[in-house]
Amino acid sequence: MPAYGMLIEKVTPEDAVELSKYMRVDVLNEAYLIHRAFLSSQWRKSCGMELQDEFLLDIGTIYNAGRIQGIREERERRKQHT
């Protein structure tokens, strides 16, 4: 586990574009399901946002879900190796 305040290298936009050629169909399906859930959420419907802000929240939601999934997988991996 990184020490408090230690910076962890993040995926850059360029990294993401380069790595997208290795994307699996199940990953695309998960992103689509998250997108559909976001579009039908009561929170989104009640915000009354501009389209561009809504788009950023949509892709931010998908990105964050992937980040959280990565954290959970890493925790599980570490738990199995202790």
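Let us look at the structure shown here. (Residues numbered from 1 in each chain as written. Predicted model: local features only at pLDDT ≥ 70, side-chain atom pairs only at ≥ 80, totals over all residues. Heavy atoms only, no water.)

**Looking at the overall build of the protein chain**
Step number 1: Counting secondary structure elements, the protein chain contains four helices and zero strands.
Step number 2: Of all 82 residues assigned to the protein chain, the portion counted as buried reaches 5%.
Step number 3: Summing over all exposed atoms, the protein chain offers an accessible surface of approximately 7600 Å²; the carbon and sulfur share of this is 60%. (Helix = DSSP H or I, 4+ residues; strand = E, 2+ residues; numbered from the N terminus. Buried < 20%, exposed > 50% of the residue type's maximum accessible area, 1.4 Å probe, protein only. Areas by Shrake-Rupley, 256 points an atom, 1.4 Å probe, with all protein chains shown as cover.)

**With respect to the side chain of D58**
Step number 1: Along the chain, D58 falls in helix 4 (residues 51-80).
Step number 2: You can call D58 buried: its relative accessible area is 7%.
Step number 3: For D58, the contacting residues outside a window of four places in its chain are H35 and F38. (Contact = heavy atoms within 4.5 Å.)

**Looking at the pattern of salt bridges**
Step number 1: Applying the stated rule across the entire model yields five salt bridges.
Step number 2: A salt bridge links R24 to D26; the shortest N-O distance between them is 2.9 Å.
Step number 3: Judged by relative accessible area, D26 falls into the partly exposed class, the value being 41%.
Step number 4: The partner of R78 in a salt bridge is E74, with the nearest N and O atoms 2.8 Å apart. Within this pair, R78 and its partner E74 are both found in helix 4, separated by four residues, close to a single helical turn.
Step number 5: A single network of salt bridges, built from pairs that share partners, joins E74, R77 and R78. (Salt bridge = Lys/Arg side-chain N within 4 Å of Asp/Glu carboxyl O.)

**Things to note about a nonpolar patch on the surface**
Step number 1: Side chains of V11, L19 and Y22 sit close together on the surface and give an oily, nonpolar patch of about 340 Å² of accessible area.
Step number 2: Among the secondary structure elements, L19 is positioned in helix 1 (residues 13-19). (Patch = residues over 30% accessible without salt bridge, like charges linked within 9 Å, V, L, I, M, F, W, Y side chains within 5 Å.)

**Regarding the environment of S20**
Step number 1: With respect to the element layout, S20 can be found in the loop between helix 1 and helix 2 (25-40).
Step number 2: Among the polar contacts made by the side chain of S20, one reaches the main-chain carbonyl oxygen of V17 at a distance of 2.6 Å. (Polar contact = N/O pair within 3.5 Å; in protein donor to acceptor, adjacent residues only side chain to side chain.)

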